[in-house]
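Residue strings, one per chain:
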Amino acid sequence: MRHWVLGSISAAIIAASWGCGSGERGGQADTGGGGHAAGGGGTGSHAAACTIAAEGLKVSSGRGITPSIAWTGSGFAIAWHERAADEGDILLATVDAEGNKLREEVIDDGPGVSSHPSVHRDGQGLLVLWQDQDGAGSVVRGRRATLEGVAEGAAFDLARSGAAESWPTAASSQDGTLIAWMDAGGSQLGHLDGGALSSSMPLDQAQFPAVASDGEKTAVVWTQGDALDFARPGQESAPLDPIAHQGVTAKLPRVVLGGDDAFLVWEDTRSGAEQIRALRISAQDEVSPEAIASRGEGSANWPALAWTGRGLAVAYYQFRDGPPGVFVTLLSRDLEPMGDEIEASGGATARYPALAWTGQELGIAYTEQDQGIRLSRASCP
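Residues numbered from 1 in each chain as written. Predicted model: local features only at pLDDT ≥ 70, side-chain atom pairs only at ≥ 80, totals over all residues. Heavy atoms only, no water.

(A) Expanded view of the overall build of the protein chain. Counting its regular elements, the protein chain contains 0 helices and 30 strands. Residue burial in the protein chain is summarised as follows: out of 381 residues, 58% are buried. At a minimum sequence separation of 6, the contacts of the protein chain that also span at least 24 residues come to 52%. With an accessible surface of roughly 13,900 Å², the protein chain has 46% of that area assigned to carbon and sulfur atoms. (Helix = DSSP H or I, 4+ residues; strand = E, 2+ residues; numbered from the N terminus. Buried < 20%, exposed > 50% of the residue type's maximum accessible area, 1.4 Å probe, protein only. Contact = heavy atoms within 4.5 Å. Areas by Shrake-Rupley, 256 points an atom, 1.4 Å probe, with all protein chains shown as cover.)

Right under this line is the structure:
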């Protein structure tokens, strides 16, 4: 295992329920660890790098939380955890490129508590993953749907997890579909073949694994004790060669590929309140200084990210002298601010953002308090 050291991180404990967010307000941002700040309005142009094209479009008016979003090629697919009936159903909606809702489908509405949904473009269709409570553990489940959002076949079990929260996620590339989830004593990284796992490997003591793909290459990030680990998986049987960012207690790491680079973001409480921090790792494994992606001074949580082709879009929710709102900032490849941030939730109380890039716009899904799932669109020229 390779290592780089940039200092210690104290991260937030996150919760998926609306009333149990990680932290409130406070904490002046600092750069720490030799990194550079990306907060406070930035060093680039004062013009907005992204501008809101549509704000707060209704996807669901129920009690939905923690949406996941994917670009289908002609519109958006949005999955979420619906709590209106029995605190645990998984729903899927499709909307067109303008944000007009086309269809809503129940993916799972069984008697058990289902949560932690994620939706992914997988070949010529969609793959929806989630977890079901199972005693002290959970079951990783999936179901396929067309790009139009029509469920295909029955839901299938992928794996049993000894962890109460397995948080499954996936990414598809030319080598197949990579899937990761938490398990007792660590996490698992597997390859999906249809409705079953063709192989899996344990990630000892790993927590919060996240995977990404650009269609050709894949990447995975996870936390392991006091380290943030990153690797580029190859073929199914190939061992991982992770890079370890030691001295951290990071939560909710995310990864995206942009050209030859990989970008990592995570929650960080080095300053006393949660910040969203970012790193870039080159194809030669050169690691950039850290940047602070969250620009306000309040507690920032639940990062989401997308590569736009010229910059890194980072979404998060943050407490700024009041209830939380959803914000998006754009960073250059060197993690320098590109223009002003945008408030995607338009002043509404909102949490749990998810991002998808269309090639021209960002789709920003989020939960608006007592209003269900909403979608904003932002143009990023």
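(B) Representation of the pairing of strand 16 (residues 206–213) within the structure. When you tally the buried positions in strand 16, you get 6 out of 8 residues, the bulk of the element. Looking at chain direction, strand 16 and strand 17 (residues 218–224) are connected through 6 bridges and run antiparallel. The partner of V211 across the bridge, within strand 17, is V220. Linking strand 16 back to strand 17 in an antiparallel pair, the connection comprises 4 residues, with G215 at a positive phi of about 100°. (Pairing = 2+ DSSP bridges.)

(C) Layout of the nonpolar core. Core analysis: the biggest nonpolar cluster contains 30 residues, and C50, V326, V328, L355, L362 and I364 have the highest contact counts within it. Elements that contribute at least two residues to this core include exactly strand 24 (300–307), strand 25 (312–319), strand 26 (324–331), strand 28 (350–357) and strand 29 (361–368). (Core = buried A, V, L, I, M, F, W, Y, C linked by side-chain atoms within 4.5 Å.)

(D) The arrangement of the pattern of salt bridges in detail. For the structure on display, the rule yields 18 salt bridges. A salt bridge links D132 to R141; the shortest N-O distance between them is 3.4 Å. Comparing D132 with R141, the two get one shared label, buried. Taken together, the salt bridges that share partners define one network made up of D108, D132, R141 and D157. (Salt bridge = Lys/Arg side-chain N within 4 Å of Asp/Glu carboxyl O.)

(E) Summary view of the sheet that holds strand 3 (residues 51–58). Strand order in the open sheet formed by 4 strands is 3-30-29-28, with antiparallel pairing between adjacent strands. Looking along the sheet, the strands with just one partner apiece sit at the ends: strand 3 and strand 28. Neighbour-to-neighbour, the strand axes of this sheet turn through a mean angle of 20°, independent of strand direction. Sheet analysis places strand 28 next to strand 29, joined by 6 bridges and oriented antiparallel. (Axes fitted to C-alpha atoms, helices over the stretch in contact; angles between N-to-C directions.)

In short, geometric facts, not functional conclusions.
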